[in-house]
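Residues per chain are reported as follows:
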Amino acid sequence: MAENLYTHQDANVRKTWLFMTAMFLVLIALGWVLAQYYGEPTFLYVFAGFSVVGNIVAYWKSDSIALAMSGARPVSREENVRLYRIVENLCITAGLPLPRLYVMHSPQINAFATGRNPEHSAIAVTTGTLEKLNDNELTGVLAHELSHIGNRDILISTVVVVMAGIIAVVSDLALRMTIWGGGRRDERNNGGAATLIVVLVAVILAPLAATLIRLAVSRKREYMADSSGALLTRYPEGLAAALEKIAQDQQPMRKAHNATAHLFIASPFKGKEAASWFTKLFATHPPLAERIRVLRGAV
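Values in this document were obtained by computation on a predicted structure and should not be read as measured data.

A. A look at the side chain of Thr 114. With respect to the secondary-structure elements, Thr 114 resides in strand β3 (residues 111-117). Residue classification places Thr 114 among the buried positions, given a relative accessible area of 1%. Among the polar contacts listed, one links the side chain of Thr 114 to the side chain of Thr 158, at a separation of 2.8 Å. Ignoring sequence-local partners within four residues, the contact set of Thr 114 consists of Asp 63, Ala 66, Leu 67, His 120, Ser 121, Ala 122, Ile 154 and Thr 158.

Right, here's the structure in full:
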């Protein structure tokens with residue numbers, strides 16, 4: 001078990017650098033194509049700047065962006081002693097520093113962890129989680145999120161939020177420039193219809209690449225966090241019961257975004273999940289029923 005966990009941690013570190021390099025290369029490639037199309041090397045320099053700034057923001061500020069997008073606000077010990085007490089006890093057991101704690105005003109049962117490392121991490125839970133779960137169930141959910149921190153899932157999961165957003169915005173800008181400014185290309189005799197097609201394909205595929213980057217955050221991370229959380233509490237039934245309540249809970253998430261959906265313990269899009277094989281293939285979370293069966297040792 002320890003070897004698998006350490007392998008998982010190392011893989012997350014490698015994957016983080018791989019994805020940040022991928023974002024750099026995608027934006028550079030997009031800038032190069034536009035520079036060739038318009039005959040203007042400035043595009044390459046601008047997109048190179050975007051890629052550098054994007055990686056810096058993704059590493060240092062992605063957690064703040066994810067928390068802001070989710071409407072999370074910091075909560076003090078005085079405001080919620082129960083939450084602090086449970087997290088502190090789990091941190092002592094796990095040997096982890098106390099993360100910053102946040103609350104999202106939403107009736108849905110859900111939570112997520114974010115940050116770049118255990119020393120700079122945060123856990124956000126909804127008000128619905130605090131109101132609808134008993135202590136054993138809440139402990140199971142918080143142990144799951146702490147396991148994401150201990151397993152080094154949080155950096156790659158949070159960085160992807162910024163990476164996907166930057167690539168999508170920049171490629172959309174490039175597409176608009178290509179559509180509305182394409183006439184200048186012909187005036188300069190720097191190519192023809194074939195080049196225009198290449199440019200359009202490039203700017204259309206860029207947001208697709210961002211989506212694939214987000215989906216590349218393996219769903220296995222949830223099984224690993226479930227398992228690690230159960231080991232941490234020594235009571236798998238707590239998390240299993242919480243996942244059952246999450247499955248039955250149809251309350252909407254007040255601030256749910258595609259860019260941050262993969263961060264949560266379960267999909268925040270209640271009632272919107274399709275059951276087709278294609279949708280399941282690209283789902284950011286494994287089925288709750290399957291996770292519950294694994295926790296309870298069902299075959």
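Now that the structure has been shown, the text picks up again.
B. Representation of a nonpolar patch on the surface in the model. Together, Phe 24, Leu 25, Val 52, Ile 56 and Trp 60 give the surface a local cluster of nonpolar side chains, amounting to about 480 Å² of exposed area. Of all elements in the fold, only α1 (2-38) and α2 (42-69) reach the threshold of two or more residues within the nonpolar patch. It is α2 that contributes the most residues to the nonpolar patch, three residues altogether. Summarising the element assignment, Val 52 is placed in helix α2.

C. Geometry of the packing of helix α5 (residues 135-150) against helix α9 (residues 220-233). It is the contact of α5 with α9, at a shortest axis distance of 8 Å, that shows an interaxial angle of 120°. Comparing the axis directions of α5 and α9 gives the class oblique. Helix-helix and strand crossings are classified by hand; for α5 and α9 the assignment is right-handed. Along its contact with α5, which presents Thr 139, Ala 143, His 144, Ser 147 and His 148, the element α9 presents Arg 221, Glu 222, Ala 225, Asp 226, Ser 228, Gly 229, Leu 232 and Thr 233. Residues belonging to the contact of α5 with α9 are distributed by class as follows: three nonpolar, seven polar and three charged.

D. View of the pairing of strand β2 (residues 100-104). Burial analysis of β2 places four of its five residues in the buried class, which makes it a mostly covered element. Sheet topology places β2 next to strand β4 (residues 120-126); five bridges connect them, and they run parallel. By the bridge assignment, Tyr 102 is partnered in β4 with Ala 124.

E. Highlighting unusual backbone geometry. Not every positive phi belongs to a glycine, and Arg 152 is a case in point at roughly 65°. With respect to the element layout, Arg 152 can be found in the loop between α5 and α6 (154-181). Judged by relative accessible area, Arg 152 falls into the partly exposed class, the value being 36%. The phi dihedral of Arg 234 falls on the positive side, at around 60°, and the residue is not glycine.

F. Looking closely at the nonpolar core. Within the largest apolar cluster, 36 residues are counted, with the highest numbers of intra-cluster contacts made by Leu 83, Ile 123, Val 125, Leu 142 and Leu 243. The set of elements that each furnish at least two residues to this core consists of α3 (81-94), β2, β3, β4, α5, α9, α10 (236-248) and α12 (288-295). Excluding residues that lie within four positions of it along the chain, Leu 243 makes contacts with Asp 226, Ile 265, Leu 288, Arg 291, Ile 292 and Leu 295. In terms of nonpolar packing, the next biggest core, distinct from the first, is built from 22 residues, Phe 43, Ala 58, Val 162 and Ala 174 among them.

Quick notes on the rules
Residues numbered from 1 in each chain as written. Predicted model: local features only at pLDDT ≥ 70, side-chain atom pairs only at ≥ 80, totals over all residues. Heavy atoms only, no water. Helix = DSSP H or I, 4+ residues; strand = E, 2+ residues; numbered from the N terminus. Buried < 20%, exposed > 50% of the residue type's maximum accessible area, 1.4 Å probe, protein only. Polar contact = N/O pair within 3.5 Å; in protein donor to acceptor, adjacent residues only side chain to side chain. Contact = heavy atoms within 4.5 Å. Patch = residues over 30% accessible without salt bridge, like charges linked within 9 Å, V, L, I, M, F, W, Y side chains within 5 Å. Areas by Shrake-Rupley, 256 points an atom, 1.4 Å probe, with all protein chains shown as cover. Salt bridge = Lys/Arg side-chain N within 4 Å of Asp/Glu carboxyl O. Axes fitted to C-alpha atoms, helices over the stretch in contact; angles between N-to-C directions. Parallel < 35°, antiparallel > 145°, perpendicular 65-115°, else oblique. Left-handed = near helix turned anticlockwise from the far one by under 90°. Nonpolar A, V, L, I, M, F, W, Y, C, P; charged D, E, K, R; others polar. Pairing = 2+ DSSP bridges. Core = buried A, V, L, I, M, F, W, Y, C linked by side-chain atoms within 4.5 Å.

Spatial relationships are all this shows, so hold off on functional conclusions.
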